[in-house]
Amino acid sequence: MSDTGGQKLIASNPSARSNYFLEEVVEAGIVLQGTEIKSIRATAPNLKDSFVEVSAKRRTDTKDSKALPRLEAWLVNMHIGPYSHGNIWNHEPRRRRKLLLHTSQIKKMFGALTQEGKTIVPTRMYFSKGRVKIELAMAKGKKKGDKRADSKKRDQNREIDKAMKRSRKAST
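Given the structure is predicted, the values throughout are model-derived calculations rather than measurements.

1. A few points about the nonpolar core
Then, number 1: If you look at the biggest cluster of nonpolar residues, it comprises 25 residues, and the most contacted ones within it are M78, L99, L101, M109, M125, I134 and L136.
Then, number 2: Of all the secondary structure elements, the ones that give two or more residues to this core are β1 (7-12), β2 (20-30), β3 (51-57), β4 (70-76), α3 (103-114), β6 (119-128) and β7 (131-141).
Then, number 3: In terms of residue count, the dominant contributor to this core is β7 (4 residues).
Then, number 4: Apart from the residues lying within four places of it in its own chain, the contact partners of M125 are L9, I10, A11, I30, I40, P45, L47, M78, V132, K133 and I134.

Structure below.
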């Protein structure tokens, strides 16, 4: 792949759109260990059950005891299979992976998680300029009725498209 700025899709999370109302989308970098990038290039990771967790890390760089803790974002439960040629130095498939985001983005996510009751789910993973990026969406969970309404609307649109196609064929 050339380094022209194009994006190459690695994996997507189709269940995110069916289970959540996706609101705001953010791009994040991800910290990977040794064989993980080779494994990602060889096989597709699984984003299905993964989510983002924002936690506070105690600050050790200051002597002020009243200093606010530093917030960190972690991607939890994403599966990257072991590398086929990686021996004892292979990575753990479902380990927590740190996300690389701006402080303001992490604070916004933390507020959405704690105050608004939202969740943050990964929607897709891709290569951008040779680096692995992950697209995160702040989301609100759908109820069973919402899922049924979406399914019904999708079926209706499909029927409309079929009817339009038949009418175009009949008119020619």
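2. Structural notes on the pairing of strand β5 (residues 97-100)
Then, number 1: Alternating residues of β5 divide into R97 and L99, all buried, and K98 and L100, none buried.
Then, number 2: When β2 meets β5, the two strands line up antiparallel, connected through 2 bridges. Across the sheet, I30 pairs through a bridge with L99, a residue of β5.
Then, number 3: Note that β4 and β5 share 2 bridges and pair antiparallel. Along β5, the bridge assignment pairs W74 with K98.

3. Considering the pattern of salt bridges
Then, number 1: Within this structure, the stated rule accounts for 11 salt bridges.
Then, number 2: Between E24 and K108 there is a salt bridge, and its shortest N-O distance comes to 3.1 Å. Taken together, the residues E24 in strand β2 and K108 in helix α3 connect sequence positions 84 residues apart.
Then, number 3: On the accessibility criterion, E24 (30% relative accessible area) is partly exposed.

4. Let's talk about the environment of K118
Then, number 1: By the secondary structure assignment, K118 is in the loop between α3 and β6.
Then, number 2: Overall, the relative accessible area of 17% leaves K118 in the buried class.
Then, number 3: Considering only alpha carbons, one finds K118 and Y20, 98 residues apart in sequence, at a separation of 9.7 Å.
Then, number 4: When near neighbours in sequence (up to four residues on either side) are disregarded, K118 contacts E23, A112, L113 and A139.
Then, number 5: Only 2.4 Å separates the side chain of K118 from the side chain of E23, close enough to count as a polar contact.
Then, number 6: Separated by 2.9 Å, the side chains of K118 and E116 make a polar contact.

5. Focus: the environment of I40
Then, number 1: Inspection of the secondary structure assignment puts I40 in helix α2 (residues 36-42).
Then, number 2: Taking the relative accessible area as the measure of exposure, I40 reaches 3% and is therefore buried.
Then, number 3: Ignoring anything within four residues of it in the chain, the contact list for I40 reads I10, L32, I80, M125 and F127.

6. Observations regarding the layout of surface pockets
Then, number 1: Of the voids in this model, the largest pocket is the one considered here, and its volume is about 330 Å³.
Then, number 2: Lining the largest pocket are 13 residues; nearest its centre among them are P69, R70, L71, E72 and T103.
Then, number 3: Counting only elements with at least two residues in the lining of the largest pocket, the list comes to β4, β5 and α3.
Then, number 4: Ranked by residues supplied to the lining of the largest pocket, first place goes to β4 with 4 residues.
Then, number 5: When its residues are assigned to classes, the lining of the largest pocket shows 7 nonpolar, 1 polar and 5 charged.

Thresholds, definitions, all that
- Residues numbered from 1 in each chain as written.
- Predicted model: local features only at pLDDT ≥ 70, side-chain atom pairs only at ≥ 80, totals over all residues.
- Heavy atoms only, no water.
- Core = buried A, V, L, I, M, F, W, Y, C linked by side-chain atoms within 4.5 Å.
- Buried < 20%, exposed > 50% of the residue type's maximum accessible area, 1.4 Å probe, protein only.
- Helix = DSSP H or I, 4+ residues; strand = E, 2+ residues; numbered from the N terminus.
- Contact = heavy atoms within 4.5 Å.
- Pairing = 2+ DSSP bridges.
- Salt bridge = Lys/Arg side-chain N within 4 Å of Asp/Glu carboxyl O.
- Polar contact = N/O pair within 3.5 Å; in protein donor to acceptor, adjacent residues only side chain to side chain.
- 1 Å grid on protein atoms, 1.4 Å probe; cavity = no way out; pocket = protein on both sides within 12 Å on 5 of 7 lines; lining within 4 Å.
- Points joined across faces, edges and corners; volume = space filled by probe spheres on them.
- Nonpolar A, V, L, I, M, F, W, Y, C, P; charged D, E, K, R; others polar.

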